[in-house]
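Coordinate inspection notes
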Amino acid sequence: MSTSDNYFMKSALAMARRGLGRTWPNPSVGAVIVRPGEPPELVARGWTMPGGRPHAESVALEKAGQRARGCTLYVTLEPCAHHGKTPPCVDSIINAGISRVVCSAHDPDPRVASTGIEKLRQAGLQVVEGVLAKQAEHLSLGHVLRVTNKRPLVQLKLAVGSDGLVSRGDGSPVWVTEEEARAHGHLLRAHCDAILAGRGTVETDDPELTCRLPGMGDRSPVRVILDSRLRIKEDSKLVASMNEAPLWVFCSMQSDKKAASTLEAAGVNILQVDQDGDGVLNPVSVLEELAGRGITRLLIEGGPSVAESFWKLGLIDEIYLYQGIKPAGKAGLKVLSETGLEVIVNSPSFTLEETRALGPDSLSFYRRHVV
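So, here's what we can say about the structure. Counting from 1, residues in each chain are numbered in the order their sequence is written. It should be noted that, the model being predicted, local features are given only for residues of pLDDT at least 70 and side-chain atom pairs only at 80 or more, the latter also being counted only at that level, while totals for whole chains, interfaces and linings use all residues. With hydrogens and water set aside, each side-chain value is computed from the structure's full complement of heavy atoms.

1. Regarding the sheet that holds strand β6 (residues 153-160)
Strand pairing requires that DSSP identify at least two bridges connecting the strands. Secondary structure elements follow DSSP: runs of H or I of four or more residues count as helices, runs of E of two or more count as strands, with numbering from the N terminus. With mixed pairing, the 9 strands of this open sheet are ordered in space as β10-β9-β8-β7-β11-β6-β12-β14-β13. This sheet does not close on itself; its edge strands, each paired only once, are β10 (269-273) and β13 (350-358). If you compare each strand with its neighbour and ignore which way they point, the axes differ by 20 degrees on average. Pairing between strand β7 (residues 194-198) and strand β8 (residues 222-226): 5 bridges, direction parallel. Lines fitted to the C-alpha atoms define the axes, with helices restricted to the stretch that makes contact. Angles between their N-to-C directions range from 0 to 180 degrees.

2. Some thoughts on the nonpolar core
Remark: nonpolar core denotes a set of buried residues (Ala, Val, Leu, Ile, Met, Phe, Trp, Tyr, Cys) joined through side-chain atoms within 4.5 Å. Each residue's exposure class comes from its accessible area (1.4 Å probe, protein chains only) as a fraction of the maximum for that residue type: buried when under 20%, exposed when over 50%, partly exposed otherwise. Core analysis: the biggest nonpolar cluster contains 42 residues, and Ile 33, Tyr 74, Ile 93, Ile 98 and Val 101 have the highest contact counts within it. The element that contributes the greatest number of residues to this core is helix α1 (residues 3-18), accounting for 6 residues.

3. A word on the packing of aromatic side chains
Only Phe, Tyr and Trp rings take part, Trp by its six-membered ring, and two of them pair if their centres are within 6.5 Å. Stacked means planes under 30 degrees apart, edge-to-face means over 60, and tilted covers everything else. Applying the stated criterion across every chain, the model contains 5 aromatic pairs. Seen in terms of ring centroids, Tyr 7 and Phe 8 are 5.0 Å apart; in terms of plane orientation they differ by 85 degrees. Their pairing is edge-to-face. Residue Phe 8 is classed as buried on the basis of its relative accessible area, which comes to 8%. Taking the centre distance of 5.5 Å and the plane angle of 15 degrees together, the rings of Trp 311 and Phe 350 count as stacked. Placement of Trp 311 in helix α12 (residues 304-312) and of Phe 350 in strand β13 is noted, with a sequence separation of 39 residues between them. Of the two residues, Trp 311 and Phe 350, neither departs from the other in class, the shared state being buried. Taken together, the ring pairs connect Tyr 7, Phe 8 and Tyr 74 into an aromatic cluster. Cation over ring: Arg 18 sits above Trp 47, and NZ or CZ is 4.7 Å from the ring centre. The lysine or arginine in question, Lys 157, covers the ring of Tyr 322, its NZ or CZ lying 5.9 Å from the ring centre. Over a ring means this: the NZ of a Lys or the CZ of an Arg is within 6 Å of the ring centre and within 35 degrees of the ring normal.

4. Describing the environment of Ala 291
Within the secondary structure, Ala 291 is located in helix α11 (residues 283-292). Under the relative-accessibility criterion, Ala 291 is labelled buried at 5%. As for Ala 291 and Leu 153, which are separated by 138 residues in sequence, their C-alpha atoms are 9.5 Å apart.

5. Concerning the layout of surface pockets
If you roll a probe as big as a water molecule over the atoms, it shows you where there is empty space left. Residues are called lining when one of their atoms sits within 4 Å of a cavity or pocket point, these points coming from a 1 Å grid over the protein atoms alone, where a cavity is a set in which a 1.4 Å probe fits but cannot get out and a pocket is an open set with protein on both sides within 12 Å along at least five of seven lines. Grid points are joined across faces, edges and corners, and a volume is the space filled by probe spheres set on the points. Volume-wise, the second largest pocket comes out at about 610 Å³. Taken together, the elements giving at least two residues each to the lining of the second largest pocket come down to α5 (133-139), β6, α7 (179-190), β12 (318-323), β13 and β14 (361-368). When residues are sorted by character, Ala, Val, Leu, Ile, Met, Phe, Trp, Tyr, Cys and Pro go into the nonpolar class, Asp, Glu, Lys and Arg into the charged class, and all the rest, Gly among them, into the polar class. Looking at side-chain class alone, the lining of the second largest pocket contains 8 nonpolar, 5 polar and 7 charged residues.

6. Section: the environment of Tyr 366
Here Tyr 366 shows up in strand β14. What makes Tyr 366 buried here is its relative accessible area of 6%. With 46 residues separating them along the chain, Tyr 366 and Tyr 320 place their C-alpha atoms 6.6 Å apart. Each residue touching Tyr 366, except ones within four places of it in the same chain, is listed here: Asp 317, Glu 318, Ile 319, Leu 321, Val 345, Phe 350, Thr 351 and Leu 352. Only heavy atoms matter for contacts: two residues are in contact if any of them lie within 4.5 Å across the pair.

7. Notes on empty space enclosed by the protein
Evaluated as defined, the whole model comprises 1 cavity of 30 Å³ or more. Considered as a void within the structure, the largest cavity measures approximately 90 Å³ in volume. What lines the largest cavity is a set of 15 residues, among which Leu 20, Pro 27, Ser 28, Thr 296 and Arg 297 lie closest to the centre. Among the residues making up the lining of the largest cavity, the classes are represented as 4 nonpolar, 8 polar and 3 charged.

8. Remarks on the pairing of strand β1 (residues 30-35)
Within β1, 5 of the 6 residues are buried, which leaves the element mostly enclosed by the surrounding structure. Two strands pair when backbone bridges link them, and β1 and strand β2 (residues 41-47) are joined in this way by 6 bridges, in the antiparallel orientation. Note on β2: the bridge partner recorded for Arg 35 is Glu 41. Between β1 and β2, which pair antiparallel and follow one another directly, the connecting turn spans 5 residues, one of which, Gly 37, has a positive phi of 160 degrees. Both β1 and strand β3 (residues 72-77) contribute to a ladder of 4 bridges, which runs antiparallel. Each bridged residue has a counterpart across the sheet, and for Ile 33 the counterpart in β3 is Leu 73.

Structural data, given as structure tokens:
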């Protein structure tokens with residue numbers, strides 16, 4: 001491993017981040033092609049395209065053309081070696097004349113699982129593994145969890161006042177953070193495949209759950225609502241904005257069939273799952289269904305009861321905690337329904353990775369320990 005390898009792999013990781021939220025059911029991968037020399041020459045870059053195809057390696061190789069011969073390819077995830085809807089990337093790499101491949105992380109998909117690396121070596125290419133592996137593993141964790149645990153990466157977004165409480169909506173959102181923090185929250189939406197909220201949030205806030213950053217309207221994730229009895233209203237903003245992003249509503253097996261038919265006629269995708277002993281839609285079943293439909297990155301954005309149900313089962317992987325300088329007040333809610341913010345802040349299962357200022361507000365990012 002060299003300083004040059006680290007430098008160009010950082011560039012490949014930056015490329016991969018560009019595709020987050022747009023490539024499911026495939027992972028977002030970054031690829032950079034470099035010609036050795038003093039100094040090295042950047043030949044081409046690529047990342048996974050919307051819908052998961054073409055793959056990052058194919059994009060970079062097409063840009064490079066004949067100039068790829070004799071170059072080094074930096075790629076954030078092991079190239080695929082199986083025939084799917086597109087030919088194997090390893091064949092394209094070999095045929096392009098790439099002489100060296102630097103790869104960050106292995107792909108646990110059983111169709112790949114080290115066979116891509118092995119095939120490159122058998123073809124005589126030099127392969128270097130594990131460069132900035134930790135960063136690449138964090139980036140592709142949604143894909144890894146979908147393959148190994150049958151669930152997506154689960155991120156929890158919390159916005160609290162200076163008193164640590166969540167504001168209570170009154171038919172529309174009530175903000176405890178300022179514009180910069182809210183804009184960052186919309187960027188989170190753009191980087192996820194799906195965003196999840198409960199029926200209570202729909203009733204109190206009537207949200208759209210879309211990405212409203214300028215120029216990023218097409219980056220809105222799938223909206224997922226947990227509504228066991230299908231009480232979501234036809235005139236809600238979620239249903240009215242069906243042309244902006246898909247809407248999937250989870251309900252119980254015993255939900256009202258007439259309500260389901262009405263929502264389906266409006267274009268809503270109705271999904272039935274089992275309930276737990278408390279009559280709550282089973283979070284594990286919800287995640288398995290989402291993973292089966294290709295979702296790799298899920299953002300939970302409301303409300304406290306929903307957050308608590310996933311938290312209790314250890315299904316939260318990352319937490320984005322936004323805190324404003326104004327209190328939520330007496331009407332405020334605890335972040336996990338019956339549990340205050342201190343449970344998250346003091347949890348031995350999570351590490352505080354970063355704290356930063358967003359205007360007058362702050363953002364704290366927590367990540368679950370990987371044992």
